[in-house]
Amino acid sequence: MSFARTESTEEIKARNKDLIQEVLTVYPEKTAKRRAKHLNVHEAGKADCGVKSNLKSIPGVMTIRGCAYAGSKGVVWGPIKDMIHISHGPVGCGQYSWGSRRNYYAGTTGIDTFVTLQFTSDFQEKDIVFGGDKKLVKLIDELQELFPLNNGITIQSECPIGLIGDDIEAVSKAKSKEYGGKTIVPVRCEGFRGVSQSLGHHIANDAVRDWVFDRLTPEKSRFESTPYDVAIIGDYNIGGDAWSSRILLEEMGLRVIAQWSGDGSLAELEATPKAKLNILHCYRSMNYISRHMEEKFGIPWCEYNFFGPSKIAESLRKIAGYFDDSIKEGAERVIAKYQPLVDAVVAKYRPRLEGKTVMLFVGGLRPRHVIGAYEDLGMEVVGTGYEFGHNDDYQRTAQHYVKDGTLIYDDVNGYEFERFVEKMQPDLVGSGIKEKYVFQKMGVPFRQMHSWDYSGPYHGYDGFPIFARDMDMAINSPVWRKTKAPWKAALEPRLMAAE
Amino acid sequence: MAQNAEHVLDHVELFRGPEYQQMLTNKKKMFENARDPAEVERIREWSKTPEYREKNFAREALTINPAKACQPLGAVFASVGFEGTLPFVHGSQGCVAYYRSHLSRHFKEPSSCVSSSMTEDAAVFGGLNNMTDGLANSYNMYKPKMIAVSTTCMAEVIGDDLNAFIKTSKEKGSVPQDFDVPFAHTPAFVGSHITGYDNALKGILEHFWDGKAGTVPKLERAPNEKINFIGGFDGYTVGNTREIKRIFDLMDVQYTILADNSDVFDTPTDGEFRMYDGGTTLEDAANAVHAKATISAQQWCTEKTLAFIAGHGQEVLAFNHPVGVSATDELLMALSRITGKEIPEALARERGRLVDAIADSSAHIHGKKFAIYGDPDLCYGLAAFLLELGAEPVHVLSSNGNKAWHDKMQALFASSPFGQNCHAYPGRDLWHMRSLLFTEPVDFLIGNTHGKYLERDTGTPLIRIGFPIFDRHHHHRSPLWGYQGGMNVLVKILDKIFDEIDRKTSVAGTDYSFDIIR
């Protein structure tokens with residue numbers, strides 16, 4: 001039995017406010033003051049969620065955030081499959097980010113496709129002392145020799161590169177010239193830059209602008225456009241998300257000329273300035289390049305949300321609104337085609353999930369975008385927050401997604417999150433691998449909402465049944481009836497209800 | 001439409017369907033500027049040749065798919081082996097997110113660790129404020145008994161001085177003056193995770209034994225009968241440490257496990273999250289100076305730590321991941337010699353059971369060729385066991401192995417008729433291994449999860465032993481060490497051998513060799 005169903009909104013608000021005050025008491029005064037700005041209870045009608053965001057994390061707390069390198073290599077550049085992405089610096093960063101985001105792709109790995117290889121300059125002490133540029137030069141030669149079918153190279157800077165002052169831009173230019181204008185992209189995504197992975201997304205977008213778009217030549221524009229060309233922007237094809245999205249766009253009559261960046265290729269990046277519309281799923285990580293293409297090439301962009309049937313239908317219509325009647329009819333045709341599937345999924349899963357409460361803490365777009373999918377299943381999101389959101393994310397959240405009284409926590413740390421969940425007793429927590437086992441130990445069902453817990457896709461109509469099944473199996477798993485030994489305590493009603 | 005509410009297809013099946021395959025084909029043809037399939041095939045074949053191997057082994061700057069991680073991961077792993085200890089990594093924060101994820105993905109457990117979250121301003125002015133504020137916050141929020149500090153490459157490049165920073169932070173009241181804050185410098189550009197383990201463990205012992213950074217007198221060693229045991233960076237720490245404790249108890253040996261993280265990586269699901277669980281008590285860590293001897297299960301994980309301990313007058317002894325009959329024999333006999341305790345009949349019987357199992361099964365392993373990769377000690381332990389089984393560890397590769405490791409491996413090969421054509425490859429990576437497997441094929445590959453790419457490329461069946469194991473569950477709960485551990489490893493190898501025979505002979509229309517009795 002969750003709080004949301006037994007209390008009035010005013011009671012929920014008061015309780016959530018008390019909860020925030022209670023959590024803050026553990027901190028030294030200075031820290032409590034800083035953290036207080038990031039925690040709030042949402043008031044309906046407000047333009048944003050009333051929290052500060054995109055500020056430095058507090059030292060010594062268990063922040064869930066990553067770094068700029070993770071934003072660039074791990075998110076934006078890493079999934080581009082026919083380029084080789086060098087983790088330039090010590091061995092660790094590349095090792096830990098190896099294959100961990102499940103950006104699916106089709107290709108011959110190690111020959112013409114390279115996403116699940118770990119290329120690193122494996123810095124040693126001498127590279128720190130004497131600089132790593134010479135090593136980088138040699139490394140690029142070795143790449144060319146051993147991987148002749150690579151279509152380009154990026155250099156993803158780890159912390160020491162910026163600190164020791166290596167000139168990776170000069171190396172990139174020189175090697176590009178030597179290899180006949182090959183695309184070689186230096187990316188200054190050192191982990192200490194900015195406050196989270198968010199700056200890494202921005203830096204990565206700027207690198208596309210400067211080192212791909214600014215070098216487009218007529219011979220690279222081998223592309224014949226049509227009036228229906230769109231590009232998928234900000235979908236990393238986790239568990240195949242971009243594919244279950246692309247199939248819908250094609251079915252409604254559009255032509256997807258590029259995927260950014262899951263299963264993407266350099267040729268697709270280069271073709272994108274010919275799109276008629278850029279459709280943007282993860283606003284946070286790729287609004288920068290979308291705005292740039294709007295200014296420089298006059299391509300409009302629109303945000304969309306492919307989680308859950310309500311938002312999918314809304315988004316398909318919104319996208320179709322940029323095109324002629326044939327596409328608008330196409331959107332209606334697609335919505336109608338999948339309606340029986342949607343009905344069957346809701347009929348099957350809604351009775352098992354109705355009234356269940358969820359607390360979220362993820363990155364990018366998910367702290368808001370998945371709310372609609374939960375609501376389609378009769379569930380309620382009672383707390384949410386962003387790892388690395390900015391104010392514009394909280395505006396979108398407030399205006400389109402969260403209900404009055406929702407608990408909002410920006411850059412929540414382990415301590416706060418644990419206390420909030422303990423007190424609010426949601427039926428499900430959706431967050432990442434670092435949080436997963438903490439909450440499961442507490443007996444709270446959990447789904448990893450970065451990686452779909454190794455499942456997926458969750459996007460599109462083909463993703464919705466998987467989403468519904470996964471939430472059902474998490475919440476209604478028989479294991480949660482076993483967390484308390486029968487001789488120690490009676491099962492809680494909340495857990496009994498899951499039968 | 002492929003999708004169906006009654007039988008939900010996820011990625012495993014969904015994208016294999018005709019609609020998606022057609023979509024992917026179109027995407028490739030129209031938009032990817034993909035290479036000619038014949039050219040892809042030509043390069044693929046070329047990449048399997050001796051010529052490619054030669055170029056591959058000539059690499060000097062490029063590392064591809066290394067089997068090693070960086071120092072601070074090892075420091076975090078060692079630190080959580082102490083009671084109530086919070087690892088605190090001084091440097092930029094993304095690193096800590098990575099260590100926590102990496103450990104959680106292997107153990108399927110929470111992994112607690114904090115960062116001092118240094119950013120650009122700290123890069124310019126140094127991270128003292130981050131340390132001062134960070135220690136205060138950690139201390140207040142997580143109520144640790146000890147905070148163990150290590151560094152990232154960032155803090156090392158700018159030259160932050162941990163000793164001075166911690167001292168200053170204490171003066172500013174971040175934590176009480178007598179609160180234990182041991183530290184170790186763990187630059188990611190030196191060594192690997194095993195170096196970090198060594199440095200952090202040495203740092204912690206040094207703190208307790210040598211006067212807590214000059215604040216109290218150094219401990220005077222008063223030798224007792226206890227034995228210290230160090231497991232090293234070990235993906236099987238849960239199973240292995242418990243097995244070692246069982247053996248010690250059977251032998252009636254008094255012992256201290258140093259950096260015992262077997263409980264913190266194996267907490268129950270019972271409604272409570274235990275941020276700290278088990279671990280070597282701080283009192284035991286201090287008193288370990290008085291022990292009679294220290295035994296390390298992994299030589300290359302504990303080189304500095306053992307030298308430090310030896311410097312305090314103890315006998316020290318290192319093994320190399322003791323897997324199998326002889327390695328366990330040596331461990332038990334050493335233990336018996338040092339403590340004067342007899343090896344009990346119960347262990348002799350366990351030994352006999354392992355020998356019995358080997359005798360029953362060795363016909364299936366004898367003469368089979370293996371490739372192994374992983375941490376230097378694990379490689380040594382597994383290779384020694386294979387030789388004992390009459391198998392040939394043809395390629396043994398360790399990205400973080402050094403010259404001394406190479407020489408010791410070669411000496412091991414030279415000691416056995418089964419090791420005559422076997423070679424050790426220090427400082428090489430899994431792309432080198434790929435060339436080895438194509439040009440000098442073996443029957444089986446032993447290594448961590450990353451070996452699945454090699455298995456697919458080269459067709460060499462992978463036996464998963466190592467760290468990390470992300471794509472199989474719970475192997476770390478079973479020991480590799482001791483006679484019982486040897487039994488587990490033997491069964492793992494045999495299962496794969498039999499699975500392979502079944503796979504090769506499971507052909508419709510033929511019934512020969514698809515046996516039910518083996």
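As the structure is a prediction and not an experimental result, all values here were calculated from the model.

Rules used in this analysis
Here, residues in each chain are numbered from 1, in the same order as that chain's written sequence. To read the labels, note that chains go from A and ligands from 1, taken in the order they are written. Two thresholds apply to this predicted model, a pLDDT of at least 70 for residue-level local features and 80 or more for giving and counting side-chain atom pairs, whereas whole-chain, interface and lining totals are computed over all residues. Derived side-chain values reflect all non-hydrogen atoms in the structure, with water molecules and hydrogen atoms excluded from consideration. Helical segments are the DSSP runs of H or I of at least four residues, strand segments are the runs of E of at least two, and each set is numbered from the N terminus. Using C-alpha atoms as the atom set, the radius of gyration is obtained and then compared with a globule rule of 2.2 Å times the number of residues to the power 0.38. Each residue is assigned to one of three classes by its accessible area relative to the maximum for its type, calculated with a 1.4 Å probe on protein chains only: buried under 20%, partly exposed between the two thresholds, exposed over 50%. Contacts between residues were defined by any pair of non-hydrogen atoms, one from each residue, lying within 4.5 Å. All accessible-area figures derive from a Shrake-Rupley calculation using a 1.4 Å probe, and residue coverage is judged against the displayed protein chains alone. For the purpose of charge, His is not counted, nor are the chain termini; Lys and Arg are scored as positive and Asp and Glu as negative. Charge coordinates come from a single atom per side chain, which is NZ of Lys, CZ of Arg, CG of Asp or CD of Glu. Candidates for patches are residues over 30% relative accessible area with no salt bridge; among them, like charges are joined within 9 Å and nonpolar side chains (Val, Leu, Ile, Met, Phe, Trp, Tyr) within 5 Å. A pairing counts as a salt bridge when a side-chain nitrogen of Lys or Arg comes within 4 Å of a carboxyl oxygen of Asp or Glu. Side-chain rings of Phe, Tyr and Trp (the six-membered ring for Trp) are treated as a pair once their centres are within 6.5 Å; stacked means planes under 30 degrees apart, edge-to-face means over 60, and tilted covers the remaining angles. Whether a charge sits over a ring comes down to the Lys NZ or Arg CZ being within 6 Å of the ring centre and within 35 degrees of the ring normal. Among buried residues, those of type Ala, Val, Leu, Ile, Met, Phe, Trp, Tyr and Cys that are joined through side-chain atoms within 4.5 Å constitute a nonpolar core. Residues adjacent in sequence count toward polar contacts only when both atoms are side-chain atoms; beyond that, a polar contact is any pair of N or O atoms within 3.5 Å, and within protein one must be able to donate a hydrogen and the other to accept it. A simple way to read buried area is as the amount of 1.4 Å-probe accessible surface that goes missing from two parts once joined, with both sides added. One less than the number of residues in a helix, times 1.5 Å, gives the span that helix is expected to have. Using protein atoms alone on a 1 Å grid, points that fit a 1.4 Å probe yet trap it form a cavity, whereas open point sets bounded by protein on both sides within 12 Å along at least five of seven lines form a pocket; residues with an atom within 4 Å of a point count as lining. Grid points are joined across faces, edges and corners, and a volume is the space filled by probe spheres set on the points. Classification used: nonpolar for Ala, Val, Leu, Ile, Met, Phe, Trp, Tyr, Cys and Pro, charged for Asp, Glu, Lys and Arg, polar for all others including Gly. By definition, the arc is the one covered by directions from the helix axis to the C-beta atoms. Two strands make a pair as long as DSSP finds a minimum of two bridges between them. All axes are obtained by fitting lines to C-alpha atoms, using only the stretch in contact for helices, and the reported angles, taken between N-to-C directions, cover 0 to 180 degrees.

A. Structural context of the overall build of chain B. Each helix and strand in chain B was counted, giving 22 helices and 13 strands. Relative to its length of 518 residues, chain B is compact, with a C-alpha radius of gyration of 25 Å against a globular reference of 24 Å. Taken over the C-alpha atoms alone, chain B extends approximately 80 × 65 × 55 Å along its principal axes. Buried positions account for 59% of the 518 residues belonging to chain B. When contacts within chain B are restricted to residue pairs at least 6 apart in sequence, long-range pairs at least 24 apart make up 72% of them. A total accessible area of about 19200 Å² is found for chain B, and carbon and sulfur atoms account for 51% of it. Positive and negative side-chain charges in chain B, numbering 52 and 66 respectively, have mean positions lying 3 Å apart.

B. Just the overall build of chain A, in detail. Per the secondary structure count, chain A includes 21 helices and 14 strands. For the C-alpha atoms alone, the extent of chain A along its principal axes is close to 70 × 60 × 40 Å. Scored against the burial criterion, the 499 residues of chain A give a buried share of 69%. A sequence separation of at least 24 residues applies to 72% of the contacts in chain A between residues at least 6 apart. Counting only carbon and sulfur atoms, one obtains 53% of the accessible surface of chain A, whose full area is about 15800 Å². Across chain A, the 64 positively charged side chains and the 66 negatively charged ones have centroids separated by 3 Å.

C. How the structure looks around a positive patch on the surface. Residue and element names in this part refer to chain A. Taken together, K33, R34, K37 and K52 make up a surface patch of like positive charges. Topologically, R34 is positioned in helix α2 (residues 29-36). Judged by relative accessible area, which is 31%, R34 ranks as partly exposed.

D. Inspection of the packing of aromatic side chains at higher detail. All names here are of chain A. Throughout the structure, instances matching the rule amount to 42 aromatic pairs over all chains. Consider the rings of Y283 and W301, whose centres lie 6.2 Å apart with planes at 35°: the pair is tilted. Note that Y283 is positioned in helix α12 (residues 283-297) and W301 in strand β9 (residues 301-303), a separation of 18 residues in sequence. One aromatic cluster is present, built from ring pairs that chain together F361, Y409, F417, F420, F439 and F446. Positioned above the aromatic ring of Y283 is the side chain of R396, whose terminal nitrogen or guanidinium carbon lies 3.7 Å from the ring centre.

E. Representation of the pattern of salt bridges. According to the stated counting rule, one finds 75 salt bridges over all chains in the structure shown. Put simply, R351(B) and D329(B) hold a salt bridge, and the shortest N to O gap is 2.7 Å. Pair noted here: R351(B) is in helix α17 (residues 345-365) and D329(B) is in helix α16 (residues 325-339), with a separation of 22 residues, a long-range link. Here the residues in one salt-bridge network are K436(A), R447(A), D453(A), R469(A), D470(A) and D10(B), joined through shared partners.

F. The arrangement of the nonpolar core in detail. Residue and element names in this part refer to chain A. In terms of nonpolar packing, the biggest core is built from 246 residues, with W77, F147, I319, Y374 and Y461 touching the most fellow members. If you tally residues by element for this core, the top one is helix α14 (residues 325-353), at ten residues. What Y374 contacts, discounting residues up to four positions off in sequence, is V358, L360, M379, V381, L428, M449, F467 and M471. If you look at the next biggest cluster of nonpolar residues, it comprises 47 residues, including I20, V23, V61 and F420.

G. Region of the structure containing the side chain of E418(A). By secondary structure assignment, the location of E418(A) is in helix α18 (residues 414-424). The charged side chain of E418(A) is buried without a salt bridge, its nearest counter-charge being R419(A) at 4.1 Å. Those residues in contact with E418(A), other than ones at most four positions away along the chain, are V438(A), F439(A), M442(A) and F273(B).

H. Molecular detail of unusual backbone geometry. Cis geometry is found at the peptide bond from W260(A) to S261(A), where omega equals -10°. Cis geometry is adopted by the peptide bond preceding P457(A), which originates at G456(A) and carries an omega value of 0°. Here P457(A) is to be found in the loop between β14 (446-448) and α20 (460-475). In this structure, K108(B) is a non-glycine residue whose phi angle is positive, near 55°.

I. Region of the structure containing the side chain of S169(B). Turning to its location among the elements, S169(B) is positioned in helix α10 (residues 162-171). Of note is the side chain of S169(B), whose polar atom sits 2.8 Å from the backbone oxygen of F165(B).

J. Main features of the interface of chain B and chain A. Each side of the interface is counted separately: chain B has 102 residues, and chain A has 118 residues. Both sides together, the interface formed by chain B and chain A hides about 9300 Å², and carbon and sulfur atoms give 63% of it. Contact with chain A buries surface across chain B, with F31(B), Y98(B) and M141(B) losing the most and accounting together for 8% of the total. Summed over the shared surface of chain B and chain A, the result is ten salt bridges. A salt bridge links K138(A) to E60(B), with the nearest nitrogen and oxygen atoms 2.2 Å apart. On the surface where chain B and chain A come into contact, there are 43 residue pairs in polar contact (both at pLDDT 80 or more).

K. Spotlight on helix α6 (residues 94-107) of chain B. Taking 1.5 Å per residue, 14 residues should reach 20 Å; α6(B) reaches 20 Å between its end C-alpha atoms and fits that length. A large share of α6(B) lies buried, amounting to 14 of its 14 residues.

L. Spotlight on the layout of surface pockets. Estimated volume of the second largest pocket: approximately 580 Å³. Taken together, 29 residues make up the lining of the second largest pocket; nearest its centre are D122(A), Q124(A), K68(B), S399(B) and G427(B). Looking at the lining of the second largest pocket element by element, the count peaks at three residues for helix α11 (residues 193-209) of chain B. Each residue belonging to the lining of the second largest pocket can be placed in one class, and the counts come to seven nonpolar, twelve polar and ten charged.

M. Structural view of empty space enclosed by the protein. All names here are of chain B. A full pass over the atoms with the stated rule returns 13 cavities of 30 Å³ or more. The volume enclosed by the largest cavity comes to roughly 200 Å³. In this structure, the largest cavity is lined by 22 residues; those nearest its centre are H193, D375, G466, F467 and P468. When the residues that make up the lining of the largest cavity are grouped by side-chain class, the tally is nine nonpolar, ten polar and three charged.

N. Structural detail: α10(B). Residue and element names in this part refer to chain B. Those residues of α10 not exposed but buried are L162, F165, I166, S169 and K170. Each buried residue of α10 lies within a common arc of 135° when the element is viewed along its axis, so the set occupies one face. Away from its buried face, by an angle of more than 90 degrees, α10 presents the exposed residues K167 and E171. Tucked inside the fold, the buried residues of α10 contact β2 (85-90), α8 (128-142) and β4 (146-151).

O. Seen up close, the environment of R100(B). Residues and elements named next belong to chain B. If you trace the backbone, R100 turns up in helix α6. Given the relative accessible area of 6%, R100 is considered buried. Each C-alpha atom, one on R100 and one on G459, is 33 Å from the other, the two residues being 359 residues apart in sequence.

P. Quick look at the sheet that holds strand β1 (residues 39-41) of chain A. Residue and element names in this part refer to chain A. Sheet architecture is open: six strands sit in the order β1-β12-β11-β10-β13-β14, paired in mixed fashion. Each edge of the open sheet is held by one strand with a lone partner, namely β1 and β14. On average, each strand axis in the sheet is inclined to that of its neighbour by 25°, with strand direction left out of account. Relative to strand β13 (residues 428-431), strand β10 (residues 357-360) runs parallel, the two sharing three bridges. Residue V358 lies in a different strand from β13, and its bridge partner there is L428.

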